[in-house]
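Coordinate inspection notes
Listed below are the residues making up each chain.
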Amino acid sequence: MTVEKQREVIRLWNELRKVEGPVAEELRIQILECFAEKVKAKRAA
């Protein structure tokens, strides 16, 4: 992931933190799971 893409993800994450409710929580969980999978893939390589 490029630095520019990382900054965009962080910006969106910070905006999402301002939102309440089950949909926002589900999005946060999906984002965290996505990053967890990438970390596992890097460690396995």
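As the structure is a computational prediction, the values presented were derived from the model and not from experiment.

Moving on to the packing of helix α1 (residues 3-17) against helix α2 (residues 22-44). Two quantities define a packed helix pair, namely the angle between the helix axes and the distance between the axes. Contact geometry for α1 and α2: axes closest at 10 Å, N-to-C directions at 150°. For the element pair α1 / α2, the angle class is roughly antiparallel. Every pair of crossing elements has a handedness; the one defined by α1 and α2 is left-handed. Along its contact with α1, which presents Val9, Trp13, Leu16 and Arg17, the element α2 presents Ala24, Leu27, Arg28, Ile31, Leu32 and Phe35. Among the residues forming the contact of α1 with α2, the class breakdown is eight nonpolar, no polar and two charged.

Quick look at the layout of surface pockets now. By volume, the largest pocket amounts to about 160 Å³. Every residue lining the largest pocket is listed: Met1, Gln6, Phe35, Lys38, Val39 and Lys42. The dominant element in the lining of the largest pocket, judged by the number of residues it contributes, is α2, at four residues. Across the lining of the largest pocket, the residue classes break down as three nonpolar, one polar and two charged.

For the structure on display, the rule yields three salt bridges. The salt bridge involving Lys18 is made with Glu15; its shortest N-O contact spans 3.1 Å. Judged by relative accessible area, Glu15 falls into the partly exposed class, the value being 40%.

Calculation rules
Residues numbered from 1 in each chain as written. Predicted model: local features only at pLDDT ≥ 70, side-chain atom pairs only at ≥ 80, totals over all residues. Heavy atoms only, no water. Axes fitted to C-alpha atoms, helices over the stretch in contact; angles between N-to-C directions. Helix = DSSP H or I, 4+ residues; strand = E, 2+ residues; numbered from the N terminus. Parallel < 35°, antiparallel > 145°, perpendicular 65-115°, else oblique. Left-handed = near helix turned anticlockwise from the far one by under 90°. Contact = heavy atoms within 4.5 Å. Nonpolar A, V, L, I, M, F, W, Y, C, P; charged D, E, K, R; others polar. 1 Å grid on protein atoms, 1.4 Å probe; cavity = no way out; pocket = protein on both sides within 12 Å on 5 of 7 lines; lining within 4 Å. Points joined across faces, edges and corners; volume = space filled by probe spheres on them. Salt bridge = Lys/Arg side-chain N within 4 Å of Asp/Glu carboxyl O. Buried < 20%, exposed > 50% of the residue type's maximum accessible area, 1.4 Å probe, protein only.

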